[in-house]
Structures are given as C-alpha cells and as structure tokens.
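What follows is the residue order along each chain.
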Amino acid sequence: MALSSPRRSALSDQVIAQLRNQITSGEWPVGSRIPTEPELVEQLGVARNTVREAVRALAHNGLLDIRQGSGTYVVATSELAGVMHRRFADADHRHVAEVRSTLEAAAARLAAGRRTERDLRQLESLLVRRNEAWETGDADLFVAADTTFHLAVVAASHNDVLTELYADLGHVMRAWLRDDVGQRLRPEHHMDHGRLVAAIRAGDAATAEREAASYPFMCLRSPEPGPEETEGPEEGA
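Structural notes, computed from the coordinates. Not measured: the values here are computed from a predicted model. (Residues numbered from 1 in each chain as written. Predicted model: local features only at pLDDT ≥ 70, side-chain atom pairs only at ≥ 80, totals over all residues. Heavy atoms only, no water.)

In terms of strand pairing, strand 1 (residues 64-67) meets strand 2 (residues 71-74) through 4 bridges, oriented antiparallel. Residue pairing in the sheet places Asp65 in a bridge with Tyr73 of strand 2. Where strand 1 folds back on strand 2, the antiparallel hairpin that results is connected by 3 residues, among which Gly69 adopts a positive phi of roughly 85 degrees. (Pairing = 2+ DSSP bridges. Helix = DSSP H or I, 4+ residues; strand = E, 2+ residues; numbered from the N terminus.)

Relative to the helices and strands, Asp146 resides in helix 7 (residues 139-155). On the accessibility criterion, Asp146 (4% relative accessible area) is buried. Other than its neighbours up to four places away in sequence, Asp146 contacts Arg100, Arg130, Leu177 and His193. (Buried < 20%, exposed > 50% of the residue type's maximum accessible area, 1.4 Å probe, protein only. Contact = heavy atoms within 4.5 Å.)

On to the packing of aromatic side chains. A full pass over the atoms with the stated rule returns 1 aromatic pair. Taken together, a centroid distance of 5.0 Å and an interplanar angle of 80 degrees make the contact between Trp134 and Phe142 edge-to-face. Each member of the pair Trp134 and Phe142 is classed as buried. One Lys or Arg, Arg67, reaches over the ring of Tyr73 and ends 4.1 Å from the middle of that ring. (Phe/Tyr/Trp six-rings, centres within 6.5 Å; stacked < 30°, edge-to-face > 60°. Lys NZ or Arg CZ within 6 Å of the ring centre and 35° of its normal.)

For the rest of this paragraph, the subject is helix 5 (residues 93-114). When the terminal C-alpha atoms of helix 5 are compared, their 31 Å separation across 22 residues agrees well with the 32 Å that a helix rising 1.5 Å per residue should span. A side-chain oxygen of the first residue of helix 5 lies 2.7 Å from the backbone nitrogen of Arg94; this N-cap is Asp92. (Expected span 1.5 Å × (residues − 1). Polar contact = N/O pair within 3.5 Å; in protein donor to acceptor, adjacent residues only side chain to side chain.)

Counted by the stated rule, this structure contains 8 salt bridges. One salt bridge in this structure joins Glu209 and Arg109, with 2.9 Å as the shortest N-O distance. Of this pair, Glu209 sits in helix 10 (residues 205-218) while Arg109 sits in helix 5, placing them 100 residues apart in sequence. Of the charged contacts, one joins Asp146 and Arg130 as a salt bridge, the two residues approaching to 2.6 Å between their closest N and O atoms. In this pair, Asp146 is assigned in helix 7 and Arg130 in helix 6 (residues 117-136), connecting sequence segments 16 residues apart. Using a relative accessible area of 2% as the deciding quantity, one classes Arg130 as buried. The structure contains a network of salt bridges with shared partners spanning Glu37, Arg48 and Arg52. (Salt bridge = Lys/Arg side-chain N within 4 Å of Asp/Glu carboxyl O.)

Limitation: the analysis is restricted to geometry and does not speak to function.
The structure is reproduced here in structure tokens:
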C-alpha cells in the first residue's frame, strides 16, 4: 500500500496516523523493519524532523522499536499490545503457557460450534502453510506460520473481545514461542495440529478444547542441548 502525502495541517499527527495504519493493516507486520528515515521523508513528502517525531511517538507507545545501527522494527500492532509486550516480556514461561492454554481452549470450543465454511478453508490452508514452514527448517518462518494459525483458530470463535485480547497478547506469545523453539527445529518437538482442525470441522467442542489446551504445555521443554548431546541422525517430523 502506497503512502500518501498529508494535505492538512498538524503534519506530525497525520504522519503518526499513516504509519500506525501501515502497522495495523499488516503492511508492516510484527518483526519487520520499516523504511528508513530518508525513505519515509521521500514517500510522505514531509520534513525529516516530522518523520522522526512520528517514529519516536510510535516507539514511545510501544509499536516500534528503534535499534541503533540496525533500523526501526515493528514490535506490536496496537498501543495495548505494546504495553502488554513491555509488561509481560519477562514473564514466567509457565504463566504465559497457562494464559495461552486458557484462551485457546475457550476459543477452540467456541469455534467448534460457530465456525463457518470460510473459517474451515482458512484453517486448513494455514495448517498446510504451518506444515510446509516446519519442513523448511526455518525457525522464524515456522513461528510466524504457527502464530498465524492459532490466531485464525481464535478468530473462528467469532468472539471479537476474545480475538482482540488474544491478538494484543500475540507478540508476547510469539516471542515466548520463538525462544522455546531455539535456533533450529527439532523433529521430536513437532506437534501435529490436524486433530484440532478436524475437531473444529466435526463440531466436536470437547476434543477441540482438549487439543488446544494441551499445546502450550507441550512447548515447555528444557533448554536445547549442546553440540555434544545432539550428535547422530535425527528422525523426520
């Protein structure tokens, strides 16, 4: 989506709104690096100081993270998500797992009774993408695909409050999962989510709830072993 040049006064507020829209619309997803300051100046047609002020404001609100020497990155999709990220970034992993299990189990139960054919097509498509991401061995790609899949399960509950709450907590959960996955995907850690999708399709609320509730705790593993403990062939996922 192209950025349009602000036409009214209060340029800083307008630039903040435009940059925020790039984030909330998904044009700049969480984890991505936004255009450089000179690039934004050229795209927006405003002064460098105006762009700098807008970026700093969004960083202060928790949506952006300015990393000296690297660039500016999207870390949250809303001010509330930014607050949650700062507040819970160092939370105990088991506590995060308990919250995730509670929210996802409730959502899966609701999804089993409320899902539409469109929801099911989306879930099956994202399940394929998740499996393909695992096969690449790219940990970052897999975490992105996995979190998108789980968000779609929650969205299939058709409970807007639950979906928004889960989305706002999403970056904390994504960071936790990324930390748990480690530098490489280990075959013994693969979890098939096909049973969850099948239960939602069948309208089996109890099974969907049980499946969704178990996944976060299956992620709670000991630290990745060192090189001396990982020698030998690995089995396929």
